[in-house]
Structure formats: C-alpha cells, structure tokens
Amino acid sequence: MFTKFEDIFAELAGRGAKKRMVAAWAVDGHTISAASKAVDLGMIDATLVGDENLIREQCDKEGIDINKFTIMHNPSELPAVAQAVTMVNQGMGDILMKGLCSTDKFMRAILNKETGLLPPKAVLSHVSVIQNPNYHKLIFLSDMAVIPLPDLTQKKAMLNYLVNTAHAMGIACPKVAIIAATEQMLEKMPACVEAAVLAKKVDRGEVKGCIADGPLALDVAIDQESVEIKHLVSPVAGDADCLLFPNIESANVFYKTNSKLAADVKQAGMVVGAKVPCVLSSRADSIDTKLNSIAIAAMAAK
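Conventions adopted
- Residues numbered from 1 in each chain as written.
- Predicted model: local features only at pLDDT ≥ 70, side-chain atom pairs only at ≥ 80, totals over all residues.
- Heavy atoms only, no water.
- Buried < 20%, exposed > 50% of the residue type's maximum accessible area, 1.4 Å probe, protein only.
- Helix = DSSP H or I, 4+ residues; strand = E, 2+ residues; numbered from the N terminus.
- Arc of directions from axis to C-beta.
- Contact = heavy atoms within 4.5 Å.
- Polar contact = N/O pair within 3.5 Å; in protein donor to acceptor, adjacent residues only side chain to side chain.
- Salt bridge = Lys/Arg side-chain N within 4 Å of Asp/Glu carboxyl O.
- Disulfide = S-S within 2.5 Å.

(A) Structural detail: helix H3 (residues 52-62). Turning to H3, its buried residues are Ile-55, Gln-58 and Cys-59. Axial view of H3: buried residues confined to an arc of 100°, hence all on one face. Of the residues in H3, the exposed ones pointing more than 90 degrees away from the buried face are Asn-53, Asp-60 and Lys-61. For H3, the elements touching its buried residues are helix H2 (29-40), strand E2 (44-50) and strand E3 (70-73). The N-cap of H3, judged by a side-chain oxygen 2.9 Å from the amide nitrogen of Asn-53 a few residues on, is Asp-51. Positive backbone phi, at 70°, marks Gly-63, one or two positions downstream of H3.

Pasting the structure below:
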C-alpha cells in the first residue's frame, strides 16, 4: 500500500515496461512540464499531439529536451484532440491526457459514439486521490467532475471504480465509506437510503474486493476520535480508504477545500470507465497535480 505519491513514482520507475501516454493538444507549459517530469522519472513514455511549433516554443522556454517526446504535429485544437483519441483506439497509447484543450472538447472526443473511448453501456466517472498530511494514508474519492447527481446504478459503478483504483495502488481490500450528511439511517434522506443499499450490495458480494459501510458522515469516516465519541461500531469508520460522495457538489467541495484550506496537500484525478485511464485536470492545475495524475493513471492502465 502506498501512503504518498512519491511511493507510486518509485513503483512505476522500478517496472520494466513503461506505459505510453498520449497528450491531446499538449501545447502548454504545465502539460509539457508534467509529461517531461514523468518521462525523466521513468514512469511513462510520452507522445504529445499538437502544434509542433508551440510545443517547441514551450520546451525552449522551460529548458526541456523535446527529443524525449514523440511529437505528432497537428496545428488545430479539435483535430489534435480527435487524433489523440484515435491513436489510443489504435493501440498507440495506454493513457490519454488532456492538454490545453477545454474539458468539454476533451470529453466530447472521449464520448463520441463512433470514434470515442467509451465501451458500450459503460458509465464514465471520475476518481480523485488526495494526499493530506493530516490523514495517515491516501484518500480515494468519487465523483467530483463527471456525474452531477448519480443514481443507484451509477453509484454502484463509481464504487467499483474506486475499488479498482485502490487495488491498482496496492490496497488489497479497501475500506469504502459511502458518505451522507449523517451516519444515522434517515429514510427521508435519499443519500442515506442509497448508501445503506450499496453497503448491503457489498455485503452480499455484488461488489467484490472491498469492505463498505454507509451511510457515514465525513467526520466518522476519517476521524477515529469522532467514531469513539459517537460510539459508532463500523469496520470502515475512522479508517476509510475510499469516499463515495452522494453528488458532484459535495465531492467537488471536499476536493477543493483540501486544495485551498489545507497545507501541503497533494492531489490527482482521472476519468475512469473509458477504454484507458484519462488524465483530466484543470488547465490551471499545478504541474505537480498533473504529474500525480499521470502517475495514478499509469498505475491503473492495463
């Protein structure tokens, strides 16, 4: 089990075969710098799709050797994104990464019914990973970016994605907290009811490879003192690996609160459910966040 992103970097560097990442419209300094660091750390090989002149300009500006990348010249944003997706579909990449293109253009290319990366009947979701010095291990959470108000079927898919991601990071049997506003079983709160249903599905083996409990409020999910004060008996409470949130607002606020109000927090995120992991970070995200995201995608890639 890894407790920090540096452990994941070391694991990837020690593997014999590196995954190939294809970055779509990779013409900005942050994307190129993150890809460069990932290559230098021995985590991946990288293909940058975009205007070669802009890529070369950014490499010169950042002091990066452009020869460490495979460059696919495409001077227009939308065709470059489409080309990157096509390359992955053709087996020329194990990971897709968003560059300077907007999220809606990136997602439309992934979701394209004819040329995209979404398998039939699959649910597309988002998994984030947080390294917070106030918690004793990595936190996996979903979904802060893709599904606004997941129904029970989508939540089950999200739960599976969380568990699969945790497995890829070396956690044999992750503890999943299904989050609501309270740990009490309040029938008038849909989040509580669906959390209880999901927990029972895990108990009966419909979702394998994890332990789950819900509903759990955030405090008892991750704080042992709160568990003791409330006299809560749970195999997950106080020691959760994964947090499944009831809606995009709660997950997004949790993620951004960590990034803006807690010191020394490190984060990562990727879209899951497509044919390959897709690094989806904001165009304004730091180089470190993009690097961390590349790392978790490389660990999750088949």
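(B) Local environment of the pattern of salt bridges. Scanning the entire structure with this criterion turns up 17 salt bridges. Measuring nitrogen to oxygen at the nearest pair gives 3.1 Å for the salt bridge that ties Arg-15 to Glu-11. For Arg-15, a relative accessible area of 33% translates into the label partly exposed. Judged by its relative accessible area of 30%, Glu-11 falls in the partly exposed class. Between Asp-104 and Arg-108 there is a salt bridge whose closest N-O contact spans 3.3 Å. Pair noted here: Asp-104 and Arg-108 are both in helix H5 (residues 103-111), with a separation of four residues, about one helical turn. Connected through salt bridges with shared partners, the residues Lys-137, Lys-175, Asp-239 and Asp-241 form a single ionic network.

(C) Representation of the state of the cysteines. By the definition in use, this model includes zero disulfides. Lacking any disulfide linkage, Cys-173 is separated from the closest cysteine sulfur, that of Cys-210, by 6.6 Å. Overall, Cys-173 belongs to the partly exposed group, its relative accessible area being 40%.

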